[in-house]
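Geometric and topological summary
Here is what each chain is made of, one letter per residue.
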Amino acid sequence: MTAQQTRESLLKTSTTRRAILGGSIAAASVAVTYAALGDKFGILDGLSSGSTRSDADALKKESVRINHLLRRAGFGVSREEYDHYQSLGLKATIDELVNYTSVDDSAAETLAGQIPLDRQGLPTRWLVRMANTKRPLQEKMTLFWHGLLTSQISVVQVPEMMERQNNFFRANAMATFPEILKGISMDPAMMIYLDISGSQRRAPNENYARELMELFALGIGNYTEQDIREAARAFTGWFVPRRRTGNNDFEYDEPTFRPNLFDGGTKTVLGRSGNFRPEDVIDIIVEQPASASFIVGKLFAFFAYPGADEQTLKPFVDTYLGSGKSIGATVEAILRSDEMYSPRAYRSIVRSPVEYAVAAIKALGLQGGVAGLVAQNRGQTLAQMGQVLYEPPNVAGWPGGETWLNSATMFARLNFINLVTGGAPQPAPRGARQQSQPAPGANLGTAAQALDYYLPLVLDDNVPEEARRVLLDYAGGPDAPLSPEQLRGLVYLILASPQFHLA
């Protein structure tokens, strides 16, 4: 059997009763262990106590630092991407990631555009783009803004409006913070979600002004209730016209400003007074020292590690302020910093369900079938893991971190790995053309060959010796020929391992 045939067997063979039983037992064992014994595998303990000595040693290898970077600044790697970035080296990889505007991403955009734009297709279109993009940092930043400057499709109702917001985040992912805040303040989906639309001078709605200060740009303790009331007056007079199109669907027109509904009086916000409009309030907010610490802290926690102190953040705050509040300059400084590749950063963040699923799909070379995979289980796969794109739990977004993992979400994650490694039926997505699987590029005839292929690709070739022995024992030894079922089981165990849940 050739490597191509072996890989196709792994991905396409019908799951046998034994494999189903084995996968179910493995999934149940891991999940029940988490539920009954707590952090049996040390995932959460590792988050709080720092990485191990072996992790610190692993970071001395540039190949590991590159993989670590691509988990944070992207969604993991396919085999093709792994070979590409490893050949570039760390510095050139960062150069390519941050200078993404010179990279053609039209193929990913075209693939995503084949999915119908409706409530079901909306998140799938984005997942297709995440899995196939040539601009991983741009998509990762789009996810960052989606989780910070939140809106919910269940409130906005119109998929086109939510995708328009998503496209705004993508196009302005690395712009200055004031530009992004001013843009999202006039985004129709946001204006509907947080009630800018319809707010008028006789009864200013405070929802947006409150979240702008509390959750988007300043943080609790850095403003007063009076600041919120005064700022809300600056956002009056705007209206997003809506009309019903049948079947309880709506369409929205462009936002319009009605001067007679605007509060043109003097407002006092954060110590400044004037006849402020929305852009004035945002300029006042981002001038606050607390705003710089707030957004830099959010970016650092997203890319490096959570809980950094002021001294650690100071050089990045200086970069942010010195660059005219540029998000791009700040992100690049973080990605090039020693802190980014410190033992404290390594494997310190739990992958979100979206990150986990896309990483597994890419590792197996299934990017062309991502729409069909997420459509399995009536499209509830990611919901059962705890995350639905365009539908964060509330305006504060997903809490993330350790909250991603519990007995129910672990079952869902492992069931998904069972799906993608087991060759379960993968229907073509609506309106999309099914792509053929890429060549594996490796001979996976024995356990040793399979581990040589997958461990560097997805686990930095950095797993405890005991875990490596378990994998070899499962396969009957390093040189024992692997049946397609054994190869499937081996890959399942690798992708179900504790380390693969961490970014």
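As shown above, the structure is provided for reference.
First, a word on what this report is: a plain description of the structure on this page. (Residues numbered from 1 in each chain as written. Predicted model: local features only at pLDDT ≥ 70, side-chain atom pairs only at ≥ 80, totals over all residues. Heavy atoms only, no water.)

**Some thoughts on the pattern of salt bridges**
Put simply, the rule reads: Salt bridges, as used here, are contacts in which a Lys or Arg side-chain nitrogen is within 4 Å of a carboxyl oxygen on Asp or Glu. Each helix is a run of DSSP H or I of at least 4 residues and each strand a run of E of at least 2, with the numbering of both proceeding from the N terminus. Burial classes follow relative accessibility: with a 1.4 Å probe on protein chains only, a residue under 20% of its type's maximum area counts as buried, one over 50% as exposed, and anything between as partly exposed.
Applying the stated criterion to the full structure yields 24 salt bridges. Taking the shortest distance from any N to any O, the salt bridge between Glu 139 and Arg 129 comes out at 3.6 Å. A residue pair is termed long-range when its members are at least 10 positions apart, and Glu 139 in helix H10 (residues 136-148) and Arg 129 in helix H9 (residues 121-132) qualify at ten residues. For Arg 243, the salt bridge goes to Glu 251, with nearest N and O atoms at 3.0 Å. Arg 243 gets classed as partly exposed once you look at its relative accessible area, which sits at 39%. Where salt bridges share partners, they join Lys 91, Asp 95, Glu 332 and Arg 336 into one cluster.

**What about the packing of aromatic side chains?**
What describes a pair of aromatic rings is the distance from one ring centre to the other and the angle between the planes of the rings. Let me state the cut-off plainly: Centre distance within 6.5 Å is the pairing criterion for rings of Phe, Tyr and Trp, where only the six-membered ring of Trp is used; planes under 30 degrees apart are then read as stacked, over 60 as edge-to-face, and the remainder as tilted.
Applying the stated rule across the entire model yields 14 aromatic pairs. A ring pair is formed by Tyr 208 and Phe 216, whose centres lie 6.2 Å apart and whose planes are at 65 degrees; its orientation type is edge-to-face. Under the relative-accessibility criterion, Phe 216 is labelled buried at 0%. An aromatic cluster of three or more residues is present, and its members are Phe 144, Trp 145, Phe 177, Phe 302 and Phe 303.

**So, the side chain of Ser 291**
Rules: Residues count as neighbours in contact if any of their non-hydrogen atoms are within 4.5 Å of one another.
By the element assignment, Ser 291 lies in helix H18 (residues 289-303). Its relative accessible area of 0% is what places Ser 291 among the buried residues. Beyond its immediate stretch of four places on either side in the chain, Ser 291 contacts Phe 177, Ala 217, Leu 218, Ile 285 and Val 286.

**Examining the nonpolar core**
Definition in use: Buried Ala, Val, Leu, Ile, Met, Phe, Trp, Tyr and Cys residues that are joined via side-chain atoms within 4.5 Å together make up what is termed a nonpolar core.
In terms of nonpolar packing, the biggest core is built from 148 residues, with Leu 137, Met 141, Trp 145, Leu 149, Ile 295, Ile 327 and Leu 335 touching the most fellow members. Looking at which element gives the most residues to this core, the answer is helix H25 (residues 447-459), with nine residues. In contact with Trp 145, other than residues within four places in its own chain, are Phe 169, Asn 172, Ala 173, Phe 177, Ile 180, Ile 295 and Ile 327.

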